[in-house]
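# Breakdown of the fold
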Amino acid sequence: MATASNTVHSRLEQARMELTPTQAAVALALIAALGFTLLFVQQPMLHDSMHNFRHAAGVTCH
Amino acid sequence: MLTDYVKQGVMAGIIAGLIFGLLMALVANPLVAFADEFGHSGDHAVDDHHDTTAGGHHDSAVSMSVTNGVSILSGVFWGVLLGGVVFGVVYYLLEPAIPGAGSTKSYLLAAAGFLTVSGAPWLVLPPQPPGVEQTLPTATRLLLYGGMMAAGALASLLAGVIYNRLHVAHRRVTAAAVAVLPICLLAIPAMLAPRNAVETTLPSELAVGVTGLIIFGQAGLWLLLANIHAQLQRRADMRDSAQPTATQLDGASTPE
């Protein structure tokens, strides 16, 4: 891929230029929601339907 | 540029997630269900008639087929999440700082990802087969799991920083050896964490088998992610060198 920017700092800068705050917020929210659901949700319906997955992923279960 | 990286990460995640979903469907679902039934048949032996009606699945809020289906789907999403976040966003940001070149970067990132998401938390809370009674309350365990994830991420980052600092002046082996230190330091929070005693009725062979499958499944998922990501990356590089991108053209046309 393009080798235009070659430090972590410049990558951050570039991301800031490319993304609007809304896009960044939506992406973060999506990631957080998915991650939280898969790893940490304890609500019985959701939790029980992911029971096998949680064991397979070695995540904290009941 | 960021979107290209994220697309590539999500792509790797979809492929790896589908394969992990297949492992869920063919191996993990039946094995977990079996171990579940096995673990609970011991303590439910007295009231034997109501257990069989629910398809053997212990006091669950949903039916077995829902659990199987949602678990497979979750497995796919798990791959997509890891691919998108770790091989998309994190790879984009950290690519210049990850030691090595080409596919080495993908594999190192996978190792760091495994350590963060599974390895470090498992030091405190090893993966458990179903039907195991754990002494620590769930809320505490969630906190511990999250805390160890943070510790794992920190250790991985430190390892990278140390390696980058050292390998300029020292031999590569020396730099790598010192860089492993922060990862070894993870043993300290692991020892300080409250003990989570477990009690199980499963025969130990079955318990070991299930735990082994869990470790194998997660390690395999990361290996797969790294492999697919490295391949996609190589393909993108070839495409780039075949036809220069807009940014490269811009750079060529404007004299510095």
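Residues numbered from 1 in each chain as written. Chains lettered and ligands numbered in written order. Predicted model: local features only at pLDDT ≥ 70, side-chain atom pairs only at ≥ 80, totals over all residues. Heavy atoms only, no water.

## Details of the overall build of chain B
Regarding its fold elements, chain B presents 9 helices and 2 strands. Ordered by position from N to C terminus, the α and β elements of chain B give α-α-α-β-α-α-α-α-β-α-α. Buried residues in chain B amount to 41% of all 256 residues. Here the contacts in chain B between residues at least 6 apart in sequence split such that 79% fall between residues at least 24 apart. (Helix = DSSP H or I, 4+ residues; strand = E, 2+ residues; numbered from the N terminus. Buried < 20%, exposed > 50% of the residue type's maximum accessible area, 1.4 Å probe, protein only. Contact = heavy atoms within 4.5 Å.)

## Some remarks on the overall build of chain A
The secondary structure content of chain A amounts to 4 helices and 0 strands. In chain A, the succession of α and β elements from N to C terminus is α-α-α-α. Here chain A holds 62 residues, and 40% of them are scored as buried. On chain A, roughly 3,300 Å² of surface is accessible, and the fraction owed to carbon and sulfur atoms is 75%. (Areas by Shrake-Rupley, 256 points an atom, 1.4 Å probe, with all protein chains shown as cover.)

## Notes on the interface of chain B and chain A
Listed per partner, the contact involves 56 residues of chain B and 35 residues of chain A. Roughly 3,800 Å² of surface becomes buried between chain B and chain A when both sides are summed, with 67% attributable to carbon and sulfur atoms. Linking chain B with chain A are 1 salt bridge. Here B:Glu95 ties to A:Arg11 by a salt bridge, and the two come within 2.9 Å at their closest N and O atoms. (Buried area = accessible area lost by both parts, 1.4 Å probe. Salt bridge = Lys/Arg side-chain N within 4 Å of Asp/Glu carboxyl O.)

## Here we look at the pattern of salt bridges
Residues and elements named next belong to chain A. One pass over the structure, following the stated rule, counts 2 salt bridges over all chains. Two residues, Arg16 and Glu13, come together in a salt bridge whose shortest N-O distance is 3.3 Å. Placement of both Arg16 and Glu13 in helix H1 (residues 8-18) is noted, with a separation of 3 residues, approximately one turn of the helix. Arg16 gets classed as exposed once you look at its relative accessible area, which sits at 55%.

## Focus: the side chain of B:Ser71
Within the secondary structure, B:Ser71 is located in helix H2 (residues 64-94). Given the relative accessible area of 0%, B:Ser71 is considered buried. Other than its neighbours up to four places away in sequence, B:Ser71 contacts A:Ser49, A:Met50, A:His51, A:Asn52, A:Phe53, B:Met24, B:Asn29 and B:Val66.

## Topic: the packing of aromatic side chains
Under the criterion given, the structure shown has 5 aromatic pairs over all chains. Each ring, one from B:Phe87 and one from B:Trp222, has its centre 6.4 Å from the other, and the planes form 40°; the classification is tilted. Highlighted residues: B:Phe87 in helix H2 and B:Trp222 in helix H8 (residues 204-242), separated in sequence by 135 residues. One exposure class covers both B:Phe87 and B:Trp222, and it is buried. Of the aromatic side chains, those joined through ring pairs into one cluster are B:Tyr5, B:Tyr91 and B:Tyr92. Looking at A:Arg11, its charged tip hangs above the ring of B:Tyr92, at a distance of 5.4 Å from the centre. (Phe/Tyr/Trp six-rings, centres within 6.5 Å; stacked < 30°, edge-to-face > 60°. Lys NZ or Arg CZ within 6 Å of the ring centre and 35° of its normal.)

## So, a nonpolar patch on the surface
All names here are of chain B. The grouping of Met11, Ile14, Ile15, Leu18 and Ile19 at the surface amounts to a nonpolar patch, some 410 Å² of accessible area in total. Relative to the elements of secondary structure, Ile14 occurs in helix H1 (residues 2-43). Looking at Ile14, the relative accessible area reads 36%, which means it is partly exposed. (Patch = residues over 30% accessible without salt bridge, like charges linked within 9 Å, V, L, I, M, F, W, Y side chains within 5 Å.)

## Points about the environment of B:Phe87
Residue and element names in this part refer to chain B. Exposure remark for Phe87: the relative accessible area of 0% places this residue in the buried category. Taking the C-alpha atoms as reference points, Phe87 and Ala12, separated by 75 residues in sequence, lie 7.9 Å from one another. Those residues in contact with Phe87 that lie beyond four places of it in its chain are Tyr5, Gly9, Leu82, Ser106, Leu109, Ala110, Trp222, Leu225, Ala226 and His229.

## A few points about H1(A)
All names here are of chain A. Along H1, the residues that are buried comprise Arg11, Gln14 and Ala15. Angularly, the buried residues of H1 cover 100° about the axis, an arc narrow enough to put them on a single face. Exposed residues pointing more than 90 degrees away from the buried face of H1 are listed as His9, Arg16 and Met17. (Arc of directions from axis to C-beta.)

## Side note on the packing of helix H4 (residues 138-166) of chain B against helix H5 (residues 172-179) of chain B
Residue and element names in this part refer to chain B. Between H4 and H5, whose axes approach to 8 Å, the crossing angle comes to 155°. When the axis of H4 is compared with that of H5, the two are roughly antiparallel. With respect to the hand of their crossing, H4 and H5 are arranged in right-handed fashion. Two secondary-structure elements touch here, H4 through Ala159, Ile162, Tyr163 and Leu166 and H5 through Arg172, Ala175, Ala176, Val178 and Ala179. (Axes fitted to C-alpha atoms, helices over the stretch in contact; angles between N-to-C directions. Parallel < 35°, antiparallel > 145°, perpendicular 65-115°, else oblique. Left-handed = near helix turned anticlockwise from the far one by under 90°.)

## Details of the packing of helix H3 (residues 103-124) of chain B against H8(B)
All names here are of chain B. As a packed pair, H3 and H8 sit with axes 9 Å apart at the nearest point and diverge in direction by 155°. Comparing their axes, H8 and H3 come out roughly antiparallel. Note on packing geometry: the crossing formed by H3 with H8 is right-handed. Residues Ser103, Ser106, Tyr107, Ala110, Gly113, Phe114, Val117, Ser118 and Trp122 of H3 touch H8, and the partners they reach there are Ile214, Ile215, Gln218, Ala219, Trp222, Leu223, Ala226, Asn227, His229, Ala230 and Arg234. Of the residues contributing to the contact of H3 with H8, the split by class is 12 nonpolar, 7 polar and 1 charged. (Nonpolar A, V, L, I, M, F, W, Y, C, P; charged D, E, K, R; others polar.)

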